[in-house]
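Understanding the architecture of this molecule
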Amino acid sequence: MIPLVNIKRDHEPIKEKLNAAIQDVLESTVFIQAVQVAALEKEFASYCGTTQAIAMNSGTAALQLALQGLGIKEGDEVITVPFSFFATAEAIVTAGAKPVFVDVHPKTYTLDPEKLEKAITAHTKAIIPVHLYGYPADMEQINEIAKRHHLAVLEDSCQAHGASYLGEKVGGLSDAAAFSFYPTKNLGGCGEGGIITTNNDEVARKARLLRAHGEHPKNTHHCVGYNFRMEELQAAILRVKLRSLDRWNDERRKNALLYRALLKDVKEIQLPPDDDPLTGTKQVYHLFVIRTKERDRLQQYLTEHGIGNAVHYPTPIHLQPAFSHLGYGRGSFPVAEELMQQLLSIPMFPSMTAEEIKEVGRKVKGFFGG
Ligand SMILES: *Cc1c(COP(=O)(O)O)cnc(C)c1O
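Now for a description of the structure that goes with this document. (Residues numbered from 1 in each chain as written. Predicted model: local features only at pLDDT ≥ 70, side-chain atom pairs only at ≥ 80, totals over all residues. Heavy atoms only, no water.)

Details of the pairing of strand β8 (residues 176-180)
Our working definition: For each residue, the accessible area found with a 1.4 Å probe, counting protein chains only, is set against the maximum for its type, and the residue is called buried under 20%, exposed over 50%, and partly exposed in between. Strands are runs of DSSP state E lasting at least two residues, helices are runs of H or I lasting at least four, and both sets are numbered from the N terminus onward. Pairing between two strands is assigned when DSSP locates at least 2 bridges connecting them.
Among the five residues in β8, five count as buried, and that is most of the element. Along β8, one buried face is formed by Ala 176, Ala 178 and Ser 180 and the opposite face, lined by Ala 177 and Phe 179, is buried too. Note that strand β5 (residues 152-156) and β8 share three bridges and pair parallel. When the bridges of β8 are listed, Asp 156 appears paired with Ala 178. Two strands pair when backbone bridges link them, and β8 and strand β9 (residues 194-198) are joined in this way by five bridges, in the antiparallel orientation. The residue of β9 that forms the bridge with Ala 178 is Ile 196.

Here we look at the packing of aromatic side chains
Rule in force here: Only Phe, Tyr and Trp rings take part, Trp by its six-membered ring, and two of them pair if their centres are within 6.5 Å. Stacked means planes under 30 degrees apart, edge-to-face means over 60, and tilted covers everything else.
One pass over the full model with this rule turns up 16 aromatic pairs. Where Phe 86 meets Phe 323, the ring centres are 5.4 Å apart and the plane angle is 35°; that geometry is what we call tilted. Separated by 237 residues along the polypeptide, Phe 86 in the loop between β2 (77-80) and α5 (87-94) and Phe 323 in the loop between α10 (295-304) and α11 (334-342) bring together distant segments of the chain. Overall, the relative accessible area of 25% leaves Phe 86 in the partly exposed class.

Observations concerning empty space enclosed by the protein
Put simply, the rule is: Here a cavity denotes grid points, spaced 1 Å and computed from the protein atoms alone, that fit a 1.4 Å probe unable to get out, and a pocket denotes an open set having protein on both sides within 12 Å along at least 5 of 7 lines; residues with an atom within 4 Å of a point are the lining. Grid points are joined across faces, edges and corners, and a volume is the space filled by probe spheres set on the points. Residue type decides the class: Asp, Glu, Lys and Arg count as charged, Ala, Val, Leu, Ile, Met, Phe, Trp, Tyr, Cys and Pro as nonpolar, and the leftover types, Gly among them, as polar.
The final tally for this structure, using the stated rule, is two cavities of 30 Å³ or more. The volume enclosed by the largest cavity comes to roughly 130 Å³. Considering the residues around the largest cavity, the lining is formed by 13 residues, among which Asp 10, Pro 183, Lys 185, Lys 241 and Arg 252 are closest to the centre. Looking at the lining of the largest cavity, the elements with two or more residues in it are α1 (7-11) and α9 (245-263). Looking at which element gives the most residues to the lining of the largest cavity, the answer is α1, with three residues. Of the residues that constitute the lining of the largest cavity, the class distribution is five nonpolar, four polar and four charged. What the second largest cavity holds in volume is close to 50 Å³. Lining the second largest cavity are Leu 132, Tyr 133, Tyr 135, Pro 272, Pro 273, Gln 283, Tyr 285, Leu 287 and Val 289. For the lining of the second largest cavity, the residue count by class is eight nonpolar, one polar and no charged.

A short note on the pairing of β2
In regular strands, side chains alternate between the two faces of the sheet. Alternating positions in β2 separate into two faces, Glu 77 and Ile 79 on one and Val 78 and Thr 80 on the other, with burial throughout. For β2 and strand β3 (residues 98-101), the ladder comprises four bridges, and the chain directions are parallel. Each residue of the ladder has a partner; that of Glu 77, found in β3, is Lys 98. Here β2 pairs with strand β4 (residues 124-128) via four bridges, running parallel. For Val 78, the partnering residue across the bridge sits in β4 and is Ala 126.

Structural notes on a nonpolar patch on the surface
Filter applied, for reference: The patch calculation keeps residues exceeding 30% relative accessible area without a salt bridge and links them within 9 Å when they carry like charges or within 5 Å when they are nonpolar (Val, Leu, Ile, Met, Phe, Trp, Tyr). Shrake-Rupley sampling with a 1.4 Å probe provides the accessible areas, and residues are treated as covered by the protein chains on show and by no other component. Think of a salt bridge as a Lys or Arg side-chain nitrogen and an Asp or Glu carboxyl oxygen that are within 4 Å of each other.
On the surface, Leu 26, Phe 31 and Ile 32 cluster together to form a nonpolar patch covering roughly 260 Å² of accessible area. Its location among the elements puts Leu 26 in helix α2 (residues 15-28).

A closer look at the layout of surface pockets
Space inside the largest pocket adds up to approximately 470 Å³. Forming the boundary of the largest pocket are 25 residues, of which Phe 85, Tyr 182, Thr 184, Lys 185 and Tyr 313 lie nearest the centre. Those elements that provide at least two residues to the lining of the largest pocket are α4 (59-69) and α5. Per-element accounting of the lining of the largest pocket gives the leading share, three residues, to α4. Its residues placed into classes, the lining of the largest pocket shows eleven nonpolar, eleven polar and three charged. Taken as a whole, the second largest pocket holds about 270 Å³ of empty space. The wall of the second largest pocket is formed by Ile 32, Gln 33, Arg 205, Arg 208, Leu 209, Arg 211, Ala 212, Glu 215, His 216, Pro 217, Lys 218 and Arg 229.

Re the packing of α4 against helix α7 (residues 201-211)
Quick note on the threshold: An axis is simply a line fitted to the C-alpha atoms; with a helix, the fit covers only the stretch in contact. Between two such axes, the angle follows the N-to-C directions and lies from 0 to 180 degrees. In what follows, roughly perpendicular refers to angles from 65 to 115 degrees, roughly parallel to angles under 35, roughly antiparallel to angles over 145, and oblique to any angle outside these ranges. The handedness criterion is simple: a crossing whose near helix is rotated anticlockwise from the far helix by less than a right angle is left-handed, and one whose near helix is rotated clockwise is right-handed. Whether two residues are in contact is decided by their heavy atoms, any of which lying within 4.5 Å being enough.
Closest axis-to-axis distance for the α4/α7 pair is 8 Å, and the angle between their directions is 125°. Our classification of the angle between α4 and α7 gives oblique. For the crossing formed where α4 meets α7, the hand is right-handed. Between α4 and α7, the contacting residues are Leu 65, Ala 66, Gln 68 and Gly 69 on the first element and Val 203, Lys 206, Ala 207, Leu 210 and Arg 211 on the second. Class assignment of the residues belonging to the contact of α4 with α7 gives a composition of five nonpolar, two polar and two charged.

Below, the structure written as structure tokens:
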């Protein structure tokens, strides 16, 4: 049995450091948004090359408060992709605005800049490209269009900690970015967590206020906010794990290279998009996702043969019941709708061995009769 992810094995080399960090917080009896959270914010901002980072209790909260920090409010439209985790569009609604979808590119599975301009209206205020599966969206073109129309850009970086574009890390490529620390993400906590990165002090100030009851200083509430604070235990754990992030991403990239070598001759499969030297794109393989017309049968075969797998995502967001009132339907976004039937995630985690990758490769090839 080869699982899709193996957090236990990934943690093995840093187990003692994790235990020590947890013990320190237990001893301190300070559990909510204090010194560990402040230190994580400093370290993560520095990692992404931004001046500010604002930690909170989920990536979904980070998306919402980044939007509110950027001034998004009721009556605004925010453009994003229909092919992502549901929370990307959900945060637009909880920030008070209306999601407007633009299809993804068939090669990169990220926002297609060619289709972006047609979706912009007088109400459009922001764009959320998603660095899906760890592959950076086409930020140069998206930023250029945003600038021309005076729109804010928020990177959904929840799957791309450490990926880079034009030689710079995601998180600092636009007005703001939101990251998730959900346990299976490239940088995952032992529970929920998220963070905003930005170089905009006003966005940071608003997000900090909204994160904890609009309160500053203590007992003065400037606005009605939320309780989106991060726990000290999560911050302490994430600080330990942040020191391994680059090594883990290198291991993911090495694993991907081996998959590519093993599967390159299987003509029924399209491999994930490659790094792009033209745009300095360096991806971090949050997932290793293959594309095939035989997806459902391949999935069943791999499951029967003990190979972990999953579909990210079986239903594009515009076809979710929660968004039926927006008026989209089947055929609205043909690329996303085809991808939902053809993509399959196969095992990918840093501590995966070459033997395991070869075994997965053999099973995939075996299915196609190779
Ligand atoms: C995980 C994820 C989120 C939400 O993050 P949570 O921490 O689970 O709230 C948002 N967008 C994308 C693309 C994600 O993968």
